[in-house]
Amino acid sequence: MTFSILLLVIAVLFVIAYVSGARRARSLVTPGVTLNSLPGHYGSLVALWTCLPPLLLMLCWGVLETPVIDRLLAAQLPAEVQAEGGNRISLALSKVRNLAGGANVQADPELAPVVLHLKDLQSRNSMLSTTLVLALALAGFGFGLRRLAPALRARNEVESIVKVLLFCSSGVAVLTTVGILSSVLYEAWMFFGRVPVFDFLFGTTWSPQVALRADQSGSSGSFGAVPLFAGTLMISMIAMFIAVPIGLMSAIYLSEYATPRVRSYAKPALEVLAGIPTVVYGFFAALTVAPILKSLGADIGLEVSSESALAAGLVMGVMIIPFVSSLSDDVINAVPQALRDGSYGLGATQSETIRQVVIPAALPGIVGAVMLAVSRAIGETMIVAMAAGLAANLTANPLDSVTTVTVQIVTLLVGDQEFDSSKTLAAFALGLVLFLVTLILNYVALKVVQKYREQYD
Amino acid sequence: MSIIENHQTDGEPFCDSPKLKARGVGVFYGDKQAIFDVSLDIGANEVIALIGPSGCGKSTFLRCLNRMNDTIDICRITGEILLDDEDIYAPKIDVVPLRARVGMVFQKPNPFPKTIFDNVAYGPRIHGLVNHRHELEEIVEQSLRRAGLWSEVKDRLDAPGTGLSGGQQQRLCIARTIAVDPEVILMDEPCSALDPIATARIEELIDELRDNYTIAIVTHSMQQAARVSQRTAYFHLGQLIEVNPTDLVFTKPQHALTEAYITGRFG
Ligand SMILES: Nc1ncnc2c1ncn2[C@@H]1O[C@H](COP(=O)(O)OP(=O)(O)O)[C@@H](O)[C@H]1O
Ligand SMILES: [Mg+2]
């Protein structure tokens, strides 16, 4: 039986268990005897008893299966392979697997008995697991049914099981984050073993080409990340310069002035901007905005490089507008009507009310929105890669081409790379910096927003 | 209890020296009529209490008196309201100076998220009433004194107004209203969110303010109406049923509905 059929069977058992549990519970009711919980709770309890143990077993089985089989097979490999150990064994094992799976690999007479053994193991393994899983399901079903009694606190039991399930789900998310973070930390630490932290954070030359072979000349690699930080900062600032005023003003218009009809068209239209893939913005920036800027610059006698920070920043700003406007719109709407009434009641006009009461009241929330937008801008890659170039210039001129942290991470990792070269590891160090900066920004933004919430609750 | 056809208000809806005059006022929210043909005088330097069961239109009527209903899109008003014999709904009237003349205090204290000083200074600033900082400081102090809050906040004018207690916040809102020197103050259940001590303080204040201002107060508490007002108007389902001197309303109500309400048969 394949895995998916097994799952299907368990799902069917789940329904059967639920129905019969609930029915059984109802039959327990006699005059003078009342159930502790609703019949549905008894049904759920039996269903959980039926399904959870086999599912857990399948999970463990899936995790342990491969290592156990490998261990068994390794013992069967020819003696000289075993003697070489490590990589050679795993190479031989994968060949065995391929052969057993019928893949188009040249047969190897030495491995033939091992292949046979594997096929045998696999069929026994699947028989065994299916039988055990089904047996466990039926046992759980029987056990659950037998436990049913009017006094059984089924509601509480079901609820605590559900709580554990919910906890496990959130645990998966947290563990994933921790896993990613620790891998980034580890690789970054390896990098800092080769390149001093100080040189990385404060060096002004970025040229990550390193010699692949010892006899290669030149290019020892230089990992001063300041040009990347500066480029990131400049592009993000240009973007915020566009996105904050426009986003804020459109939020004010939408929440305070627009009629419901206008709002019902304008708000979705604005949110469409958020749905455009960034790569589309990227080629818009590179193929439309950059040439326009270049020819405009030529008209007034300015030299604009064909890949410029300005083009990337402008387009990124447009991309972020809906982000700023929809978050600000929410916080402005959350300002209590009573405050507006108070201001109107004193004879203030609408614009006075907005400027002097609504905006100050919403300010913490707006600041939070802007900070989230900044962290979005810092993390944006595609537009910059396409429109701002790859050259790590350290410049304050927005008409020059610059590069950012995210773009460099991409360029460091595309193509064939050694996993432990300084060049590859540098990407992790950059990633760590990026992660820390956005983490701090998001944390501060959340705190600010939270404080704002407390003010009106 | 349904709407009474062509009900004529019992008692004395008119008075000798009216500050505000409502004549045949009707209010609609969309298609739904909330106020029916109300005619009422509010005399100069008197406190008039508007009472009646929830949803009978007290707030709606009060909000007509300084055109606060303009902020509600679906709200439409018929009839006329005269402030010193001038129609406040006439096209040439600007609501900004109108609302400076007819101020409003709301049910829930709603200080702005600004300092105590800036809360009170808000009105004078937007109306350009002052040219110098010391004039502004004088107005703020005067208003806070009249609202009976000065001694409690004089040392922390820079603290946020939202940090005061509920009763203090409501007095701050009254001070804020007084600061633009209105002629009429409308109060919509100003004590309903306050404890008895803060309530007593505000009632005292209303009594003091009567010397300088005309006050219309909506209240759910009949004791409060009896304590602070000279005349009482009883509303029922959008109609003005009875208007009489307060002691008369509470001792000898003229209309059966008024009697039912004040004896607590519905409310
Ligand atoms: N903004 C509004 N939109 C629609 N109907 C309203 C609105 N405000 C009040 N009403 C209706 O008008 C009637 C009178 O309400 P209101 O003046 O608030 O009564 P009161 O203050 O006496 O409790 C109620 O039926 C209420 O549902
Ligand atoms: Mg009301």
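All values derive from a computational prediction rather than experimental measurement.

Draft legend 1. Quick look at helix H2 (residues 39-74) of chain A. With 36 residues, H2(A) should cover 52 Å at 1.5 Å per step; its first-to-last C-alpha distance of 53 Å lies within 8% of that length. Taken as a whole, H2(A) carries its principal kink of about 40° at Leu64(A); the proline Pro67(A) stands between one and four residues after it.

Draft legend 2. Expanded view of the interface of chain B and chain A. The interface is formed by 22 residues belonging to chain B together with 18 residues belonging to chain A. Note on chain B versus chain A: buried area summed over both sides is about 1600 Å², and carbon and sulfur give 63% of it. The three residues of chain B that bury the most area against chain A are Pro113(B), Tyr122(B) and Ile126(B), which together make up 33% of that side's buried surface. Where chain B touches chain A, the interface holds 1 salt bridge. Here Asp341(A) makes a salt bridge to Arg63(B), at a shortest N to O gap of 3.9 Å. Counting across the chain B and chain A interface gives 4 residue pairs in polar contact (both at pLDDT 80 or more). When residues of the side of chain B that touches chain A are traced back to their parent elements, those giving at least two are helix H2 (95-101), strand S7 (102-105), helix H3 (116-126) and helix H6 (166-178) of chain B.

Draft legend 3. Examining the domain arrangement of chain A more closely. The domain boundaries assigned to chain A delineate domain 1 (2-152) and domain 2 (222-456). Look at where the C-alpha atoms of domain 1 of chain A and domain 2 of chain A centre, and you get two points 49 Å apart.

Draft legend 4. Main features of the packing of aromatic side chains. All names here are of chain B. Evaluation of the coordinates by the stated rule reveals 11 aromatic pairs over all chains. Look at Phe-61 and Phe-235: their rings are 5.4 Å apart centre to centre, the planes differ by 45°, and that puts the pair in the tilted class. Taken together, the residues span a long stretch of sequence, with Phe-61 in helix H1 (residues 58-64) and Phe-235 in strand S10 (residues 231-236) at a distance of 174 residues. On the basis of relative accessible area, Phe-61 is assigned to the buried category, the value being 1%.

Draft legend 5. Inspection of the pairing of strand S9 (residues 214-218) of chain B at higher detail. All names here are of chain B. The buried fraction of S9 is high, at 5 of 5 residues. On S9, burial covers both faces: Thr-214, Ala-216 and Val-218 on one face and Ile-215 and Ile-217 on the other are all buried. For strand S8 (residues 184-188) and S9, the ladder comprises 5 bridges, and the chain directions are parallel. Its bridge partner being in S9, Ile-185 is matched across the sheet by Ile-215.

Draft legend 6. View of the packing of H3(B) against H6(B). Residues and elements named next belong to chain B. Where H3 meets H6, the axes come as close as 7 Å, and the angle between the chain directions of the two elements is 35°. Of the two elements, H3 crosses H6, and the hand of that crossing is right-handed. On H6, the residues that touch Ile-116, Asn-119 and Val-120 of H3 are Leu-172, Ala-175 and Arg-176. Here the residues of the contact of H3 with H6 are counted per class, giving 4 nonpolar, 1 polar and 1 charged.

Draft legend 7. Fine view of the nonpolar core. If you look at the biggest cluster of nonpolar residues, it comprises 73 residues, and the most contacted ones within it are Phe200(A), Trp206(A), Met316(A) and Leu430(A). Looking at this core, the elements that each hand over two or more residues are helix H8 (226-257), helix H10 (278-299), helix H11 (309-333), helix H13 (350-379), helix H14 (382-387), helix H15 (405-413) and helix H16 (422-456) of chain A together with H3 of chain B. Broken down by element, the residue count for this core peaks at 12 residues, all from H13(A). If we skip the residues at most four places from it in the chain, Leu430(A) touches Phe200(A), Trp206(A), Ala225(A), Leu228(A), Val405(A), Gln408(A), Ile409(A) and Leu412(A). In terms of nonpolar packing, the next biggest core, distinct from the first, is built from 42 residues, Ala49(B), Val120(B), Ile206(B) and Val228(B) among them.

Draft legend 8. Structural context of the pairing of strand S4 (residues 47-51) of chain B. Residue and element names in this part refer to chain B. With 5 of 5 residues buried, S4 is to be regarded as a mostly interior element. In S4, alternate side chains face the same way, and those of Val-47, Ala-49 and Ile-51 on one face and Ile-48 and Leu-50 on the other are all buried. Relative to S9, S4 is paired through 4 bridges, and the arrangement is parallel. Each bridged residue has a counterpart across the sheet, and for Ala-49 the counterpart in S9 is Ile-217. Relative to S10, S4 is paired through 4 bridges, and the arrangement is parallel.

Draft legend 9. Focus on the pattern of salt bridges. Residue and element names in this part refer to chain B. Taken as a whole and judged by the stated rule, the model has 23 salt bridges over all chains. Across the salt bridge formed by Glu-183 and Lys-19, the nearest N and O atoms sit 2.9 Å from each other. In this pair, Glu-183 sits in the loop between H6 and S8 while Lys-19 sits in strand S2 (residues 18-29), placing the two residues 164 residues apart along the sequence. A residue is classified by how much of its surface remains accessible, and Lys-19, at 14% relative accessible area, is buried.

Draft legend 10. Just a nonpolar patch on the surface, in detail. All names here are of chain A. On the surface, a cluster of nonpolar side chains totalling about 660 Å² of accessible area is made up of Val-272, Ile-276, Val-279, Val-280, Phe-283, Phe-284, Leu-287 and Met-382. Examining the composition of the nonpolar patch, we find that 5 residues originate from one element, H10, more than from any other. Following the sequence through the fold, Met-382 ends up in helix H14. A relative accessible area of 35% means that Met-382 is categorised as partly exposed.

Analysis parameters
- Position numbers for residues start from 1 in each chain and track the written sequence from start to end.
- All chains are assigned letters beginning at A, and all ligands numbers beginning at 1, according to the order in which they are written.
- Totals for whole chains, interfaces and linings use every residue, but because this is a predicted model, local features are given only for residues with pLDDT of at least 70 and side-chain atom pairs only at 80 or more, for both listing and counting.
- The basis for the side-chain values is all heavy atoms of the structure; hydrogens and waters are excluded.
- Runs of E in the DSSP output that reach at least two residues are strands. Runs of H or I that reach at least four are helices, and both are numbered from the N terminus.
- Each residue after the first adds 1.5 Å to the expected span of a helix.
- Two axes are fitted around each residue, one to the seven residues ending there and one to the seven starting there, and the angle between them is reported as the bend at that residue.
- In this description, contact between two residues means that some pair of their heavy atoms is separated by no more than 4.5 Å.
- Here the quantity called buried area is the accessible surface, traced with a 1.4 Å probe, that two parts lose on coming together, added over both.
- By definition here, a salt bridge exists when the distance from a side-chain nitrogen of Lys or Arg to a carboxyl oxygen of Asp or Glu is within 4 Å.
- Here a polar contact is taken to be a pair of N or O atoms separated by no more than 3.5 Å, where protein atoms must pair a possible hydrogen donor with a possible acceptor and residues adjacent in sequence count only if both atoms sit in side chains.
- Source of the domain bounds: an automatic or database domain assignment.
- What counts as a ring pair is set by centres within 6.5 Å for rings of Phe, Tyr and Trp (its six-membered ring), and what kind of pair is set by the plane angle: stacked under 30 degrees, edge-to-face over 60, tilted for all other angles.
- With a 1.4 Å probe rolled over the protein chains alone, any residue whose accessible area is under 20% of its type maximum counts as buried; one over 50% counts as exposed, and the rest are partly exposed.
- When DSSP locates at least two bridges between a pair of strands, those strands are taken to pair.
- With axes taken as lines fitted to C-alpha atoms, and helix axes fitted only over the stretch in contact, angles between N-to-C directions fall between 0 and 180 degrees.
- Helix crossings fall into two classes, left-handed where the near helix is turned counterclockwise from the far one by less than a right angle and right-handed where it is turned clockwise.
- The residue classification treats Ala, Val, Leu, Ile, Met, Phe, Trp, Tyr, Cys and Pro as nonpolar and Asp, Glu, Lys and Arg as charged. All others, Gly included, are polar.
- What makes a nonpolar core is a set of buried Ala, Val, Leu, Ile, Met, Phe, Trp, Tyr and Cys residues whose side-chain atoms join them at distances within 4.5 Å.
- A patch consists of residues whose relative accessible area exceeds 30% and which take part in no salt bridge; residues with like charges are grouped when within 9 Å of each other, and nonpolar side chains (Val, Leu, Ile, Met, Phe, Trp, Tyr) when within 5 Å.
- Accessible surface area values rest on a Shrake-Rupley calculation with a 1.4 Å probe, where residue burial reflects the displayed protein chains alone.

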